[in-house]
Amino acid sequence: MSALNTPAPDTSRPQVRPATEGWEQAVAPDGRPKLQFKQPRVKQPPKHLADLTMAERQEKVTELGHPAFRAKQLSTHYFSHYTTDPDEMTDLPKAAREELVSEMFPPLLTEVKKLTTDNGDTIKFLWRLFDGALVESVLMRYPGRITLCVSSQCGCGMNCPFCATGQAGLTRNMSSAEIVDQIVAANRAIAGGDLGGLRSDGGHDAERVTNIVFMGMGEPLANYKRVMNAVRRMVDPAPQGLGMSARNITISTVGLVPAINKLANEDIPVTFALSLHAPDDELRDDLIPVNSQWKADEAIDAAYNYYRATGRRVSIEYALIKDMNDHAWRADLLAKKLNQRGRGWVHVNPIPLNPTPGSIWTASEKDVAQEFIDRLIAAGIPTTLRDTRGEEIDGACGQLAAAE
């Protein structure tokens, strides 16, 4: 896009620059924050039913010496009844259950602990994976829907200084089945009453996870193949998969432009969210280290391309950080950049920064945040302040650190 005149900086408030506190940010040989796009060479979890298409499940089942239709029965137990307990699979021959479960459902997630908010509408799960790696997912009940925030990597290689997840770097990518198993485990918890009962006023409520946000641990588009395979398991009709709506699945990224363009051509109409957090490269270079590879305008262009290719309105995520990126002139610049590409294609989600251990960074003052929002709305940009959940259990955006 053509260059824009940057609004004059606001000198009435200080400009805080990003800096880590309480931990040391890993740097590359060139002195820039280190980025990890590829996982280390580590052992991957064993193949699970959720890694496979129905045809691949049938092939594996027949290789084990069983009729192909057992694959559909096993899929129904997992995706519809949320169980891998052989004792509950009474439609399978008793002699075959143990082998089929052992081969098709290797253990993926072991619950380490579960934290619930005082009002019971948010649960944070800490999971141990087969190799000892720890990840978290957060389950949230809203009127009429239940959202699960899933992790896609063990740790994260994007090294953003305000995010707890990135402080330890990237351990490895999660498998497709490890991603899907977070949803199945959440559905099992909901069915068991862990998220509280349904509404008592007779209004509509959900009985299973209806919405997925890839806003847990990891950069989803850095684990592209496995994430997309997991998304296919989510949208495949039961019993092939979970039978979820692609429109209720949100994939968020800090701005891996080639992967965004690839996602636009997948023909799966997921909701796309760009974690921008600053419209100007001077700040975003330090705030979002991947900006050294793809600048803010390139990321916004890719987001707009996603809209043009899919017709799906995209979201811009913007964590409001006191005196760092919440200046009114940045709201004006963001609005100009978005409007330059067209109208009606984007929605902005400002997010009050959630505190993380060892950091003195804080959320914007309420009046400052409101002015930021008001300026975007006045420029014709639909804007909604994010309703964050789980701060009291360190389960809100940017807080997931997978600590025991």
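Below is a short write-up of the structure. (Residues numbered from 1 in each chain as written. Predicted model: local features only at pLDDT ≥ 70, side-chain atom pairs only at ≥ 80, totals over all residues. Heavy atoms only, no water.)

1. Looking at the packing of aromatic side chains
Defined as follows: When the centres of two rings from Phe, Tyr and Trp lie within 6.5 Å, Trp using its six-membered ring, the rings pair. Their planes under 30 degrees apart give stacked, over 60 give edge-to-face, and anything left gives tilted. Three labels apply to residues, based on accessible area from a 1.4 Å probe with only protein chains included: buried if under 20% of the type maximum, exposed if over 50%, partly exposed otherwise in between. Each helix is a run of H or I in the DSSP string that is no shorter than four residues. Each strand is a run of E no shorter than two, and both are numbered from the N terminus. Think of it as a cone above the ring: NZ of Lys or CZ of Arg counts as a charge over the ring if it is within 6 Å of the ring centre and within 35 degrees of the ring normal.
Considering all chains together, one arrives at 9 aromatic pairs under this definition. Here Y78 and F79 contribute two aromatic rings whose centre-to-centre distance is 4.9 Å and whose plane-to-plane angle is 75°, an arrangement assigned as edge-to-face. Look at Y78 and you get buried, because its relative accessible area is 0%. Judged by its relative accessible area of 1%, F79 is buried. Between Y304 and W345, the aromatic rings sit 5.1 Å apart at their centres with planes inclined by 75°, giving edge-to-face as the arrangement. Placement of the pair is Y304 in helix α8 (residues 296-310) and W345 in the loop between α9 (328-340) and β11 (346-352), with a sequence separation of 41 residues. Members of the aromatic cluster, connected to one another through ring pairs, are Y78, F79 and F105. Sitting over the ring of Y142, R145 keeps its end group 4.1 Å from the ring centre.

2. Some remarks on helix α3 (residues 94-104)
What counts here: What the arc measures is the spread of directions leading from the helix axis to the C-beta atoms. Every residue pair with non-hydrogen atoms within 4.5 Å of one another is taken to be in contact.
All buried positions along α3 are accounted for by A96, R97, L100, V101 and M104. Along the long axis of α3, the arc covered by the buried residues comes to 125°, so they all point the same way. Exposed residues lying more than 90 degrees from the buried face of α3 are A95 and E98. As for α3, its buried residues are in contact with α1 (54-63) and α2 (70-79).

3. A word on a negative patch on the surface
The cut-off we apply is this: The patches described consist of residues with a relative accessible area above 30% and no salt bridge, like charges being joined within 9 Å and nonpolar side chains (Val, Leu, Ile, Met, Phe, Trp, Tyr) within 5 Å. Per-residue and other accessible areas were derived by the Shrake-Rupley procedure at a 1.4 Å probe size, with only the shown protein chains allowed to occlude residues. The salt bridge definition used is simple: a Lys or Arg side-chain nitrogen within 4 Å of an Asp or Glu carboxyl oxygen. Just so you know, the count uses Lys and Arg for positive and Asp and Glu for negative, and it drops His and the chain ends. For this purpose, a charge sits on NZ of Lys, CZ of Arg, CG of Asp or CD of Glu.
On the surface, a cluster of negative charge is contributed by D85, D87, E88 and E98. Assignment of secondary structure puts E88 in the loop between α2 and α3. The exposure class of E88 is partly exposed, given its relative accessible area of 47%.

4. Focus on the packing of α1 against α2
What counts is decided by this rule: Lines are fitted to the C-alpha atoms to define the axes, a helix being fitted only along its stretch in contact, and any angle between axes, read from their N-to-C directions, falls within 0 to 180 degrees. These descriptions rest on fixed angle ranges, namely under 35 degrees for roughly parallel, over 145 for roughly antiparallel, 65 to 115 for roughly perpendicular, and the rest for oblique. Should the near helix be turned anticlockwise from the far one by less than a right angle, the crossing is termed left-handed; should it be turned clockwise, right-handed.
Remark: α1 packs on α2, axes separated minimally by 8 Å, with the N-to-C direction vectors making an angle of 120°. With respect to their mutual orientation, α1 and α2 come out oblique. The handedness of the crossing between α1 and α2 comes out as right-handed. Mapping the contact onto sequence places M54, R57, Q58 and V61 in α1 and R70, A71, K72, L74, S75 and F79 in α2.

Don't take any of this as a statement about function, it's just geometry.
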